[in-house]
Amino acid sequence: MKNCFQNGEIWPDDHGVHINAHGGGMLWHEGAYYWFGEHKVAGEAGNVAKVGVQVYSSRDLYNWKDEGIALAVSDDPQSPMVCGCILERPKVLFNARTRKFVMWFHLEPKDNGYAGSLSGVAVADKVCGPYQFLRAFRPNAGVWPMNAPGAERNVLDETELARLAAMDLNGGPRPFYPKHRLFRRDFAGGQMARDMALFLDDDGTAYHIYASEGNGTLHLSQLTEDFLAPAGKYIRIFPGRFHEAPTIMKWGGKYYLITSDCTGWAPNTARISAAENIFGPWEELGNPCLGPGDQVANTFNSQGTFILPVNGKKDAFIFMADRWNERDAIDGRYVWLPVEFHHGVPMISWHGQWDLSVFDKQA
Ligand code: GAL
């Protein structure tokens, strides 16, 4: 039995196999935690989805039972989630109204790189699945962002669309990022959606947060009451700041986003942002990491994926992150760190090995 977290080490499941749930998310449901993540195979081949979303369960967060594949990729070549697609950052919520488990994920149809930028939705009657794939789409087609000024609420003409199409927007050149135009380009067909998180607020309202507009701008989008679709209310956050890997928590009535910069599998400097109202305004507060410069510059050699509120403990949150291994995807490691509060701001420092008693000391 394990009784602590050993960051960056092999994390064996109940079969002694390293946990295979990368870019994961957590759901606490009826006394247990369920960890959903990307199942990856060995080698560079593991950077595309060959199997699907794997799920593990635990009552103590240290010891994990393999519950198998929650959502399987398809063997139908016509399916947007055919084996060989890219399926990243799955997150699951339980909908108390419909009693269904709803999974959202970032989906890229096979052999088209990251151009598709789709959101996938799947649903299940039982927490571990099997999840049934419903659809994949670009969210918020035909809807203007709530915080877009009137002057920007118009579609672009052919000349401008052609000019944008000719620009290489893959991570840059950032100084020329067209920060007032991409959401207008994508108005009719729906907004690009890559790295993502889900958030369930205290009032039962759920939100989808995704890196949009060529990864340069985050969107925060309310979901319908059944959590299966966008509700038609969304905002743009930090246009042109290239926030990826969104993770979100609520503490002391305020919302906090911890995100990364945009450098692919390579780790970079995290950022924390805060808002009193989930629909903004959002304010960037800087780097949440504390410690030696080289460690805080690359988020302890990791990139965030989820912030877990620890059940039954006050002010206890775990920042969950991935240490990706692009050359051998299955060997990606996990870094989980306790969120500390310094002068009313959530911060993170390095703990090579730790256990949940840190939260009792903090209280
Ligand atoms: C990262 C992103 C990952 C994955 C990767 C691909 O920035 O957070 O989820 O998409 O890029 O290069």
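In this text the structure is predicted, and so the values were computed from the model without any measurement.

Trainee: In this structure, what is going on with the pattern of salt bridges? I would like to understand it.
Mentor: Within the structure shown, the criterion is met by 19 salt bridges. For Lys65, the salt bridge is made with Glu67, and the minimal N-O distance between the two is 3.7 Å. Taking the shortest distance from any N to any O, the salt bridge between Asp315 and Lys314 comes out at 3.3 Å. For Asp315, a relative accessible area of 30% puts it in the partly exposed group.

Trainee: Mind showing me how you'd approach the sheet that holds strand β6 (residues 86-95) here?
Mentor: Each strand in a sheet pairs with its neighbour through backbone hydrogen bonds, running either in the same direction (parallel) or in the opposite one (antiparallel). Across the sheet, which stays open at both edges, the four strands sit in the order β6-β7-β8-β9 with antiparallel pairing between neighbours. Only two strands of the sheet have a single partner each, and these edge strands are β6 and β9 (132-137). Neighbouring strand axes in the sheet, compared pairwise and without regard to direction, differ in orientation by 20° on average. Relative to β9, strand β8 (residues 118-124) is paired through five bridges, and the arrangement is antiparallel. Counted as the bridge partner of Ser119 is Phe137 from β9.

Trainee: What am I meant to see in the site of the ligand here?
Mentor: Every residue lining the ligand is accounted for by Glu88, Arg89, Tyr114, Asp195, Glu244, Gly264, Trp265 and Gln303. Taking Arg89, its side chain carries an N or O atom lying 2.9 Å from an oxygen atom of the ligand. For the ligand, an oxygen atom lies 2.5 Å from a polar atom in the side chain of Asp195. Here the ligand loses 90% of its free accessible area of 310 Å² to cover by the protein chains. Class assignment for the residues of the shell around the ligand results in two nonpolar, two polar and four charged.

Trainee: What is the right way to look at the pairing of strand β12 (residues 217-223) in this model?
Mentor: Regular strands show a simple pattern: their side chains alternate between the two faces of the sheet. Of all seven residues making up β12, seven are buried, and the element is well covered by its neighbours. What sits between the antiparallel neighbours strand β11 (residues 206-212) and β12 is a turn of four residues, in which Glu213 has the positive phi angle 45°. As defined by bridge partners, β12 adjoins strand β13 (residues 230-237) across five bridges and the pair is classed as antiparallel. Across the sheet, residue Leu218 finds its bridge partner in β13, namely Ile237.

Trainee: Looking at this structure, how should I read the packing of aromatic side chains?
Mentor: Think of a pair of aromatic rings as described by two things: how far the centres are apart, and how the planes are tilted against each other in angle. What the rule picks out here adds up to 27 aromatic pairs. Between Phe5 and Trp354, the aromatic rings sit 4.6 Å apart at their centres with planes inclined by 45°, giving tilted as the arrangement. Pair noted here: Phe5 is in strand β1 (residues 5-6) and Trp354 is in strand β23 (residues 353-354), with a separation of 349 residues, a long-range link. In this structure, Phe5 and Trp354 share a single accessibility class: buried. Ring centres of Phe36 and Tyr131 lie 6.0 Å apart, and the angle between their planes is 85°; on these two criteria the pair is classed as edge-to-face. Remark: Tyr131 occurs in the loop between β8 and β9 and Phe36 occurs in strand β3 (residues 32-38); sequence separation between them is 95 residues. Taking relative accessible area as the criterion, Phe36 reaches 0% and is therefore assigned buried. By the ring-pair criterion, three or more aromatic residues cluster together here, those being Phe5, Trp11, Trp35, Tyr56, Tyr62, Trp64, Tyr334, Trp336, Trp354 and Phe359. Over the ring of Trp11 we find Lys2; its NZ or CZ atom is 5.1 Å from the centre of that ring.

Calculation notes
Residues numbered from 1 in each chain as written. Predicted model: local features only at pLDDT ≥ 70, side-chain atom pairs only at ≥ 80, totals over all residues. Heavy atoms only, no water. Salt bridge = Lys/Arg side-chain N within 4 Å of Asp/Glu carboxyl O. Buried < 20%, exposed > 50% of the residue type's maximum accessible area, 1.4 Å probe, protein only. Pairing = 2+ DSSP bridges. Helix = DSSP H or I, 4+ residues; strand = E, 2+ residues; numbered from the N terminus. Axes fitted to C-alpha atoms, helices over the stretch in contact; angles between N-to-C directions. Near = heavy atom within 4 Å. Polar contact = N/O pair within 3.5 Å; in protein donor to acceptor, adjacent residues only side chain to side chain. Areas by Shrake-Rupley, 256 points an atom, 1.4 Å probe, with all protein chains shown as cover. Nonpolar A, V, L, I, M, F, W, Y, C, P; charged D, E, K, R; others polar. Phe/Tyr/Trp six-rings, centres within 6.5 Å; stacked < 30°, edge-to-face > 60°. Lys NZ or Arg CZ within 6 Å of the ring centre and 35° of its normal.

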